[in-house]
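Listed below, chain by chain, are the residues.
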Number of protein chains: 2
Amino acid sequence: MADESLFDFLHMEIVSHIYKEQQSSKGEMDNKDRAVCVSVLESMGFRVGQGLIERLTRDSPSFKDELDVMKFVCKEFWTKVFRRQVDNLRTNHQGTYVLQDNKFSLLTQLSSGKQYLDQAPKYLAFSCGVVRGALSNLGMDSVVTAEVSVMPSCKFQVVVQKL
Amino acid sequence: MADESLFDFLHMEIVSHIYKEQQSSKGEMDNKDRAVCVSVLESMGFRVGQGLIERLTRDSPSFKDELDVMKFVCKEFWTKVFRRQVDNLRTNHQGTYVLQDNKFSLLTQLSSGKQYLDQAPKYLAFSCGVVRGALSNLGMDSVVTAEVSVMPSCKFQVVVQKL
């Protein structure tokens, strides 16, 4: 669907823009530069996630606990943003959650070649921010990271920050 | 719908990012700086428009003439990207087209206050690029501009470049 790929295309454009602008200002990119790009994309995602979850939960009943929130994110939220449900949700019941998406929408456009595996992080930063922003609006401060083992399968790790 | 607002939120983020980065590098923004921002957004939109129209026209019959292409853009394409059809299409039959959208999706989020009217151009640059990119992929080189009289109503002017 074009209106779905609209977001995918736009996301691709942003990623390449952020990296290009950093590179053009620094010449060769080192790890510090890459970290800057990731953090710019992550904070964009954060604000987008906040906006989306606000609309999504407007008429939702309040959640009874942390796990209840995570389940909502894995189902309703994930479906709206990434067009499918999370395939697997694991938790250690101590504030760490692993959300596995076996066909992550923003990776399916990338070839599954090994060389793209190194590229994956830059296509996940925005999404990590989206998840962190959504959780933050639901009262859960967290650190969200993502890793890809085999494309386009992706694992998001959420570590809730207890006060 | 959250998956619609997903694009809107992301678009807002890009606009504000592009303007912030330009401002931070130049301090006060002058017209030249604003022109740079507009052109960055426009070319992002151009590539997105190319990608989208490619998918959309994959199974479409070929178009019989320029007007036929414009009608497709006003209906199918506009609906996919901006979630409604163009309300009015005018042409001088010499390569100039005016597409009027009385409720342009990327403006509906902005307040209709007068002070936002000056802001409108920065929220239209990406969309002008999208339209130009789509037409370009259909073999029509054009110059696309947009103007807002009363928010959120917007007029896109397409001037086809004859070789």
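Above this text sits the structure in question.
Here the structure is a predicted model, which means the values were calculated and not measured. (Residues numbered from 1 in each chain as written. Chains lettered and ligands numbered in written order. Predicted model: local features only at pLDDT ≥ 70, side-chain atom pairs only at ≥ 80, totals over all residues. Heavy atoms only, no water.)

1. Quick notes on the overall build of chain A
Now for step 1: The helix and strand tally for chain A stands at five helices and four strands.
Now for step 2: The helix and strand sequence of chain A, counted from the amino end, reads α-α-α-β-β-α-α-β-β.
Now for step 3: The C-alpha atoms of chain A give a radius of gyration of 16 Å, which matches the 15 Å a tight globule of 163 residues would have.
Now for step 4: If one aligns the C-alpha atoms of chain A with their principal axes, the spans along those axes are about 50 × 35 × 30 Å.
Now for step 5: Chain A carries 20 positive and 20 negative side-chain charges, and their two centres are separated by 2 Å. (Helix = DSSP H or I, 4+ residues; strand = E, 2+ residues; numbered from the N terminus. Rg over C-alpha atoms; globule rule 2.2 N^0.38 Å. Lys, Arg positive; Asp, Glu negative; His and termini not counted. Charge placed at Lys NZ, Arg CZ, Asp CG, Glu CD.)

2. Considerations on the pattern of salt bridges
Residue and element names in this part refer to chain A.
Now for step 1: Inspection of the entire model under this criterion finds twelve salt bridges over all chains.
Now for step 2: Here Glu42 makes a salt bridge to Arg132, at a shortest N to O gap of 2.7 Å. With Glu42 in helix α2 (residues 31–56) and Arg132 in helix α5 (residues 120–137), this pair connects stretches of sequence that are 90 residues apart.
Now for step 3: Classification of Glu42 by relative accessible area gives buried; the value is 15%.
Now for step 4: The salt bridge involving Arg84 is made with Asp87; its shortest N-O contact spans 2.8 Å.
Now for step 5: On the accessibility criterion, Arg84 (23% relative accessible area) is partly exposed.
Now for step 6: On the basis of relative accessibility, which here comes to 36%, the residue Asp87 falls in the partly exposed class.
Now for step 7: Because the salt bridges share partners, they merge into one network encompassing Arg84, Asp87 and Asp101. (Salt bridge = Lys/Arg side-chain N within 4 Å of Asp/Glu carboxyl O. Buried < 20%, exposed > 50% of the residue type's maximum accessible area, 1.4 Å probe, protein only.)

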